[in-house]
Every structure is written in C-alpha cells, then in structure tokens.
Amino acid sequence: MSASPGGAIYLDCIRRHLSGGELPGYAAQEVMGHSLRQHYTEAPPNARPAAVLALLYPIRGSLHLLFIQRTSPPGDRHGGQISFPGGSIDAGETSSAAALRELEEELGVPSTNLTVAGELSPIFIFNSNFVVTPVVVLADHLPTFTLQDSEVAHLLQTPLTALLSPSARG
C-alpha cells in the first residue's frame with residue numbers, strides 16, 4: 001500500500017488485531033457509540049443479518065476511511081445517515097461477499113484489487129433490527145467511485161488519523 005509510514009503502521013496494526021482472534025466487541029463499540037447503544041446491547045432472535053464495508057485507502061500518502069451519506073427516500077429508517085456501504089446478507093452469502101457486493105452496487109467499486117483484512121465484532125442496529133458485521137477491506141489506491149443515485153447522496157473520505165484522535169470520541 002502506498003500510504004505514508006504512519007499509514008503502514010496503522011495497516012499492520014489492523015491486520016494484526018483482525019488476525020489475532022479475540023476482538024474487544026461491545027466495549028470498543030461503546031466508546032464511540034450513541035448513548036442509546038447501552039440500552040440495545042443484545043439482538044433479538046429475529047434480527048436480520050447484514051454487512052457493511054469499512055474501506056481503507058491512501059489519498060496523497062494518508063490513509064483514509066470511506067463513509068457515505070445515504071439518500072433520504074420517504075420511510076427509510078436510515079435515510080440521510082452517515083454510514084458505511086452495506087446491506088442485507090443474501091441466503092448462502094458470507095459477510096465479506098455481501099459487503100463487497102454492496103460496495104459495487106452502491107459505489108461502482110469492483111472487488112478486484114481489494115483485500116479483505118477481516119471482520120469486526122457484529123453490532124445490533126436496533127431501529128432496523130439488523131445484526132451488522134463490519135468487514136475491513138484495503139485498497140492500494142484511491143478507487144474510482146460511481147455513486148448509485150438512489151442510495152448514496154455523498155461520499156465522505158475521512159483521514160484515519162482524524163478518527164483515531166482522542167477528540168473524536170464522545
């Protein structure tokens with residue numbers, strides 16, 4: 001990856017944690033979560049599986065994380081929200097396959113030249129009854145994005161260093 005030396009350190013750390021087995025799970029999610037998160041820690045048995053994709057890639061030597069702002073169709077529980085690309089997991093599909101499929105559907109980015117680094121701890125999204133598995137994916141260059149106008153209003157390309165700053169935590 002052609003990120004700065006600091007970016008390479010972050011990538012090594014991410015790879016090491018994702019391949020190391022035990023993840024911090026809810027404790028880590030709570031650090032940056034909304035205060036309502038503490039009331040919805042367990043998913044009900046009828047929660048539906050979904051996956052999102054956390055895409056990391058370099059821009060001018062700095063490692064970035066991709067977010068999207070969803071469109072706001074009437075009745076959409078996630079309309080206008082800032083999120084990762086993603087959606088429901090189809091029958092027989094893995095979390096990684098669903099996340100990569102959604103990336104291509106929503107942003108036109110094919111899975112070629114992308115590396116799945118691993119999965120993070122699933123999180124229950126109470127307002128839509130999904131159990132979401134975040135999938136971390138690495139790109140060695142800035143992808144070309146083609147937004148699906150019916151689903152994605154805007155891209156937000158955020159330097160990873162801004163998210164890792166203690167001031168970014170609630």
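So, how was this worked out
- Residues numbered from 1 in each chain as written.
- Predicted model: local features only at pLDDT ≥ 70, side-chain atom pairs only at ≥ 80, totals over all residues.
- Heavy atoms only, no water.
- Buried < 20%, exposed > 50% of the residue type's maximum accessible area, 1.4 Å probe, protein only.
- Helix = DSSP H or I, 4+ residues; strand = E, 2+ residues; numbered from the N terminus.
- Pairing = 2+ DSSP bridges.
- Polar contact = N/O pair within 3.5 Å; in protein donor to acceptor, adjacent residues only side chain to side chain.
- Contact = heavy atoms within 4.5 Å.
- pLDDT = per-residue confidence, 0-100.
- Phe/Tyr/Trp six-rings, centres within 6.5 Å; stacked < 30°, edge-to-face > 60°.
- Lys NZ or Arg CZ within 6 Å of the ring centre and 35° of its normal.

J.: Sorry, what's going on with the pairing of strand β1 (residues 48-59) here?
T.: In the case of a regular strand, side chains alternate between the two sheet surfaces. The element β1 is largely enclosed, with a buried count of ten among its twelve residues. Note that β1 and strand β7 (residues 130-139) share nine bridges and pair parallel. From the neighbouring strand, L56 faces β7, where its bridge partner is L138. Taken together, the three bridges between β1 and strand β4 (residues 86-88) define a ladder with antiparallel strand orientation. The partner of A51 across the bridge, within β4, is G87. Two strands pair when backbone bridges link them, and β1 and strand β2 (residues 62-70) are joined in this way by four bridges, in the antiparallel orientation. Each residue of the ladder has a partner; that of P58, found in β2, is L63.

J.: For this particular structure, what's the right way to read the side chain of S83?
T.: Tracing the sequence through the fold places S83 in strand β3 (residues 82-83). Within the local environment of S83, its side chain forms a polar contact with the side chain of R70, the two groups lying 3.1 Å apart. When sequence neighbours within four positions are dropped, the list of residues in contact with S83 reads F67, I68 and R70.

J.: So what exactly am I meant to see when it comes to the confidence of the model for the protein chain here?
T.: Across the protein chain, the average pLDDT comes to 84, with 78% of residues at 70 or higher. Confidence drops under a pLDDT of 50 for residues 1-5, and excluding neighbours within four residues, the segment shows 15 contacts in the predicted structure.

J.: What is the right way to read the packing of aromatic side chains from this model?
T.: What describes a pair of aromatic rings is the distance from one ring centre to the other and the angle between the planes of the rings. The tally for this structure, following the rule as stated, stands at two aromatic pairs. The ring of F130 has R48 sitting right over it, with the charged end atom 4.0 Å from the ring centre.

J.: Quick question: what am I supposed to make of the environment of P45 here?
T.: One can find P45 in the loop between α2 (26-32) and β1. Since its relative accessible area comes to 89%, P45 is described here as exposed. The sequence separation of P45 and N129 amounts to 84 residues, and the corresponding C-alpha distance is 9.9 Å.

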